[in-house]
Amino acid sequence: MGGTDGTDGTDRGTALVLGGGGLTGVGWECGVLYGLAEAGVDLARADLVVGTSAGSLVGAQLASGRLTPRELYERQLADPAGETAARVGAGLLARYAAAMLRSRDAAAYRRRIGAMALAADTGREEARRRVFEERLVSHEWPGQRRLVVTAVDALTGEPAVFDRDGGTGLVDAVAASCAVPGVWPPVTVGERRFVDGGIRSAVNADLAAGYERVVILAPITLGSRLVPSPASQAEGLRRDGARVLLITPSAAARRAIGRNVLDPARRAPAARAGHAQAAEHAAEAAAVWTA
């Protein structure tokens, strides 16, 4: 994954990794961030923010400096009237599973998923882009924090990382990272089309390599032989000498999230659950985050 910060092995400070997980993932992450901030652990001050799918939206909002963790949390409690629920149904999940079984390696799997996304009838790309234009409080890359946003080239399966130095606009980068294959249309950037960065990894935490202190918020915990799990990537960072905290949804948070992560009606319950859960992790977060 070229053009990234924090992958050359040099020591840096703090990295916040925000994983994918749909609308409920956005809510849960915002709740955890606010709860930790209340406890004195302000992850918004991270030197690096890595955002994948839902995490790219949260990361862009947080790194913009225009919203405090409390304001970001309170936005998740708004009435979702007018928003339409989508769903990753059983049929689509079966197609993901079939692509994995037929693929000899991770690159082949990503190409198969990309081909499926390109062939799917998932609506107009322009309409989907307007969603992110409206949701993002800033359309400019952050100047104070290093933000990287992950995606996957739908044609080649090659992982991609967008940042402020790469020439891609922030709206396009976040839209690409959130383009769930088979649900939303791939996003065009230049002559290439991109899909959800979660196809490579739910968190892409390896992009925080070289940072000394890393906190990972992972709404999705699963992995496979072709898609590394958040836990395996966290352990890889620890082996390299980093202090790492991986936070995943508690049992109560999983109940609040429910079965459809793309249901806007579940965003507020997920946010409240994340906020409540944060107290369980405040001490260990402070131990990792404090130099």
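Note that the structure is predicted; figures quoted are calculated from it, not measured. (Residues numbered from 1 in each chain as written. Predicted model: local features only at pLDDT ≥ 70, side-chain atom pairs only at ≥ 80, totals over all residues. Heavy atoms only, no water.)

## Some words on the packing of aromatic side chains
One pair of aromatic rings is described through two measures. These are the centre distance and the angle between the planes.
1) Next: A full pass over the atoms with the stated rule returns 2 aromatic pairs.
2) Next: Centre to centre, the rings of F162 and F194 are 5.2 Å apart; their planes meet at 80 degrees, and the pair counts as edge-to-face. On the criterion of sequence distance, the pair formed by F162 in strand β4 (residues 159–162) and F194 in strand β6 (residues 192–196) is long-range, its members being 32 residues apart. (Phe/Tyr/Trp six-rings, centres within 6.5 Å; stacked < 30°, edge-to-face > 60°. Helix = DSSP H or I, 4+ residues; strand = E, 2+ residues; numbered from the N terminus.)

## Section: the nonpolar core
1) Next: Residues L16, L36 and F162 are the most contacted members of the largest nonpolar core, which totals 53 residues.
2) Next: With 7 residues, helix α10 (residues 267–289) is the single largest residue contributor to this core. (Core = buried A, V, L, I, M, F, W, Y, C linked by side-chain atoms within 4.5 Å. Buried < 20%, exposed > 50% of the residue type's maximum accessible area, 1.4 Å probe, protein only.)

## What to know about helix α1 (residues 22–38)
1) Next: Compared with an ideal rise of 1.5 Å per residue, which puts 17 residues at 24 Å, α1 spans 25 Å between its outermost C-alpha atoms and is within 8% of the ideal.
2) Next: Within α1, 15 of the 17 residues are buried, which leaves the element mostly enclosed by the surrounding structure. (Expected span 1.5 Å × (residues − 1).)

## Examining unusual backbone geometry
1) Next: In this structure, S53 is a non-glycine residue whose phi angle is positive, near 55 degrees.
2) Next: With respect to the helices and strands, the residue S53 is situated in the loop between β2 (48–52) and α2 (54–63).
3) Next: Positive phi outside glycine occurs at N204, with the angle close to 55 degrees.
4) Next: Relative to the helices and strands, N204 resides in the loop between β6 and β7 (211–217).

## Quick look at the environment of S177
1) Next: By secondary structure assignment, the location of S177 is in helix α7 (residues 170–177).
2) Next: Taking the C-alpha atoms as reference points, S177 and H281, 104 residues apart in sequence, are found 28 Å from one another.
3) Next: Setting aside anything within four residues of it in sequence, one finds S177 in contact with G51, T52, S53, S56, V149, T150, A151, D196 and G197.
4) Next: Only 2.6 Å separates the side chain of S177 from the backbone oxygen of T150, close enough to count as a polar contact. (Contact = heavy atoms within 4.5 Å. Polar contact = N/O pair within 3.5 Å; in protein donor to acceptor, adjacent residues only side chain to side chain.)

## Looking at the pattern of salt bridges
1) Next: Inspection of the entire model under this criterion finds 14 salt bridges.
2) Next: Across the pair E125 and R193 runs a salt bridge, and its minimum N-O distance is 3.5 Å. Taken together, the residues E125 in helix α6 (residues 125–135) and R193 in strand β6 connect sequence positions 68 residues apart.
3) Next: Salt-bridge contacts for R192 lead to E158; the nearest nitrogen and oxygen are separated by 3.6 Å. Of this pair, R192 sits in strand β6 while E158 sits in the loop between β3 (146–153) and β4, and the two are 34 residues apart along the sequence. (Salt bridge = Lys/Arg side-chain N within 4 Å of Asp/Glu carboxyl O.)

## Brief notes about the layout of surface pockets
The method is simple in principle: a probe with the dimensions of a water molecule rolls over the atoms, and the space it marks as empty is what remains.
1) Next: The volume enclosed by the second largest pocket comes to roughly 260 Å³.
2) Next: Lining the second largest pocket we find L23, V26, L57, Q61, L72, R75, Q76, A78, D79, E83, R135 and R267.
3) Next: The class makeup of the residues in the lining of the second largest pocket is 5 nonpolar, 2 polar and 5 charged. (1 Å grid on protein atoms, 1.4 Å probe; cavity = no way out; pocket = protein on both sides within 12 Å on 5 of 7 lines; lining within 4 Å. Points joined across faces, edges and corners; volume = space filled by probe spheres on them. Nonpolar A, V, L, I, M, F, W, Y, C, P; charged D, E, K, R; others polar.)

## Concerning the UniProt feature "active site" (unreviewed entry) in the protein
1) Next: As recorded in UniProt, the feature "active site" (unreviewed entry) lies at S53 and D196. Sequence-wise these annotated residues cover 144 residues; spatially they are packed, their C-alpha atoms never more than 5.9 Å apart.
2) Next: Residue contacts for S53: discarding those within four places in its chain leaves G20, S177, C178 and D196.
3) Next: Tracing the sequence through the fold places D196 in strand β6.
4) Next: Using a relative accessible area of 7% as the deciding quantity, one classes D196 as buried.
5) Next: With near-sequence residues (within four places) excluded, D196 lies in contact with S53, A151, V152, A176, S177, C178, A179, V180 and P181. (UniProt positions renumbered as here; feature names shortened; annotations may be inferred.)

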